[in-house]
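Working through the structure, step by step
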Amino acid sequence: MDDALEVKDIEKVCKHDVNAVEYLLKWQSHPDISKVLEFFHFACTSEDINNLAHASMLKESMNPALPTTLGKEMSVFAARLSEQKHKISHVKIKGKFAGAIGNYNAHLSAYPNAIWPQIAREFVESRGLCFIPYVTQRDLTDSIVPRNMGEGFGHSLFAYKSALQGIAKLQLCDITHTAEPLQTVMGRYGVPESYKKLKELARGRAVTKDSIKRSLLTVRNTIRSWRMGYQCENLGALCPIEHGDSGIPFLLQRATYLVSSIPFKSFSVSTVHFPILYCEASEIKLAIWGDALTHSHFCKYACSEEVPELQDMGGPAEGGFSVAFDPLDGSSIVDTNFSVGTIFGVWPGDKLIGVTGRDQVAAAMGVYGPRTTYVLALKDYPGTHEFLLLDEGKWQHVKETTEVGEGKLFSPGNLRATFDNPDYEKLISYYVKEKYTLRYTGGMVPDVNQIIVKEKGVFTNVISPTSKAKLRLLFEVAPLGLLVEKAGGYSSDGHRSVLDKEIINLDDRTQVAYGSKNEIIRFEETLYGKSRLAAEGVTVGAAA
């Protein structure tokens, strides 16, 4: 209604109804509309718009109503008619017979001995009417109202005929089905526009056992999409689940729904109950993750660092996704109450081998510390986004990172490699000499997360002849690589971005560095003498 009123206000200025609608749509600047603004009214005349609009309205109005039961509807009208019959039966239909003035003067002039009030009463009541003994002179309401009764009866007759025509159009079947409970359940779980969604599902369609089953499944999935896909309070605005609600491709929307279904909060509870017995906590987390991925209906394969084997989750290969995850990164520091986390990456289809980190459609990590946070990156959406778990169980969007700048903050992993890797020792010595701030917890999730949160710094984990690679490309390095690079940072295995490394085996391992551009240049030049990112002939820091 507000839009309609605004259209009329615009029309007062532009003097053109269709043009007014065009202006309103342009001014509202919906993300989808903004891409095609100049194609509004393209090669059209107003009648092109009007005839289609009216035809669409007419077609919509001719659709049969949502299905219900015939007995219930007949009972409704029977009750209504019974009530009206009862009211009508108590209406006193009155009549008079007292002449123009109402005092029987004319009557007495002709027959002075007659008892005219009694005669008038008997005559009126003989007609089955309620006698009116007293009337005013020339009371026109006595004549005006009856003269218009025909109009009321005419409308009634028209309504009766319309009712018969409507009954003749009823679509009857032997299935008891009503849409109202489905709409009510959708409303209970906060699904927006539940009536519209249900109307699209049921209106104008035959009701059968199969259609009822499909309706129930659709409603169930709609509720699940809303509850799980919008678990983060602001995630809906970031990447809506509804088809066509944003410019994000449908596959990416489904990936977002998939990653949003991961029960980080449930994990936090399990670590509280099992802070020391890591194996028990791990088993609980794997069960929770397995259940969540199975019920997402989009996950084809899942693979955990704890059990590096493909597990079929029952989702489709085409249009579905495969998920690799480390359920508890930092297991060795759980008992010390340090921050730990969960890492996962989402790949399209049914492949987790023969792919690269750059093929991911989404990646995220849960960080369990003084705060519980959820850090998400989507392939085709800018930035890396942090969500905070609030006390009431909702997720609030608290930060978007699009740039990682320079800053003296370092987190060096696998320092034992400096014993027989002199180049790594040289790099660490540079950090110390240049008075970098040391921030290292032993947990990869918090150590990499600080680069995204503080928008500066470097994380390194380097190998040596006696200290082999420990970090898994599929479960840790590639997902974190997507998070860092979408945040505006860089990654490297010494020669290239970790997102460009092909995953040959599920257990492939690699060294890695994450950080700002200059920190990655310094890392590559110090360890290997050159960097793919550096300007020709210019060296940085420790390699100089």
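The rules behind these values
Residues numbered from 1 in each chain as written. Predicted model: local features only at pLDDT ≥ 70, side-chain atom pairs only at ≥ 80, totals over all residues. Heavy atoms only, no water. UniProt positions renumbered as here; feature names shortened; annotations may be inferred. Helix = DSSP H or I, 4+ residues; strand = E, 2+ residues; numbered from the N terminus. Buried < 20%, exposed > 50% of the residue type's maximum accessible area, 1.4 Å probe, protein only. Contact = heavy atoms within 4.5 Å. Axes fitted to C-alpha atoms, helices over the stretch in contact; angles between N-to-C directions. Parallel < 35°, antiparallel > 145°, perpendicular 65-115°, else oblique. Left-handed = near helix turned anticlockwise from the far one by under 90°. Nonpolar A, V, L, I, M, F, W, Y, C, P; charged D, E, K, R; others polar. Salt bridge = Lys/Arg side-chain N within 4 Å of Asp/Glu carboxyl O. Pairing = 2+ DSSP bridges.

Going by an unreviewed UniProt entry, the protein carries the name Sedoheptulose-1,7-bisphosphatase and comes from Salix suchowensis. UniProt's Sequence similarities (unreviewed entry) comment on the protein is quoted here verbatim: "Belongs to the FBPase class 1 family." The Cofactor (unreviewed entry) comment attached to the protein in UniProt states, word for word, "Mg(2+)".

Here we come to the environment of Thr460. Summarising the element assignment, Thr460 is placed in strand 14 (residues 458-461). Given the relative accessible area of 1%, Thr460 is considered buried. With near-sequence residues (within four places) excluded, Thr460 lies in contact with Ser411, Pro412, Gly413, Tyr424, Leu427, Tyr431, Val512, Ala513 and Phe523.

Think of two packed helices as two axes; the pair is described by the angle between the axes and how far apart they sit. For the pair helix 17 (residues 422-433) and helix 20 (residues 517-528), the least separation of the axes is 8 Å and the interaxial angle reads 140 degrees. Between helix 17 and helix 20, the angle is such that the two are oblique. In terms of crossing hand, the pair formed by helix 17 and helix 20 is right-handed. Contacts between helix 17 and helix 20 pair Asp423, Tyr424, Lys426, Leu427, Tyr430 and Tyr431 from the former with Glu519, Arg522, Phe523, Thr526 and Leu527 from the latter. Here the contact of helix 17 with helix 20 is composed, by residue class, of six nonpolar, one polar and four charged.

For the rest of this paragraph, the subject is the pattern of salt bridges. On inspection of all chains with the given rule, the structure shows 17 salt bridges. Here Lys408 and Glu434 are joined by a salt bridge, their closest N and O atoms 3.8 Å apart. Of the two residues, Lys408 sits in the loop between strand 11 (395-401) and strand 12 (409-413) while Glu434 sits in the loop between helix 17 and strand 13 (437-438), which places them 26 residues apart along the sequence. Among the residues examined, Lys408 registers a relative accessible area of 43% and is labelled partly exposed. You can call Glu434 partly exposed: its relative accessible area is 27%. The salt bridge partner of Arg532 is Glu524, with a shortest N-O separation of 2.8 Å. Its relative accessible area of 38% is what places Arg532 among the partly exposed residues. Overall, the relative accessible area of 0% leaves Glu524 in the buried class.

With burial as the criterion, each face of strand 17 (residues 512-515) is covered, one bearing Val512 and Tyr514 and the other bearing Ala513 and Gly515. In this sheet, strand 17 lies alongside strand 14 in antiparallel orientation, the contact comprising four bridges. Along strand 17, the bridge assignment pairs Asn461 with Val512.

This part is about the sheet that holds strand 9 (residues 372-378). Reading across the sheet, the eight strands line up as 4-3-5-6-8-9-10-11 and stay open at both edges, with mixed pairing between neighbours. Each edge of the sheet is formed by a strand with only one pairing partner; in this case those strands are strand 4 (311-312) and strand 11. As paired strands, strand 3 (residues 299-304) and strand 5 (residues 321-329) are joined by five bridges and run parallel to one another. When the bridges of strand 5 are listed, Cys303 appears paired with Ala324. In this fold helix 19 (residues 473-486) packs onto strand 3, strand 5, strand 6 (340-348), strand 8 (362-368), strand 9, strand 10 (384-389) and strand 11, with an angle of close to 85 degrees to the strand it touches most, strand 6.

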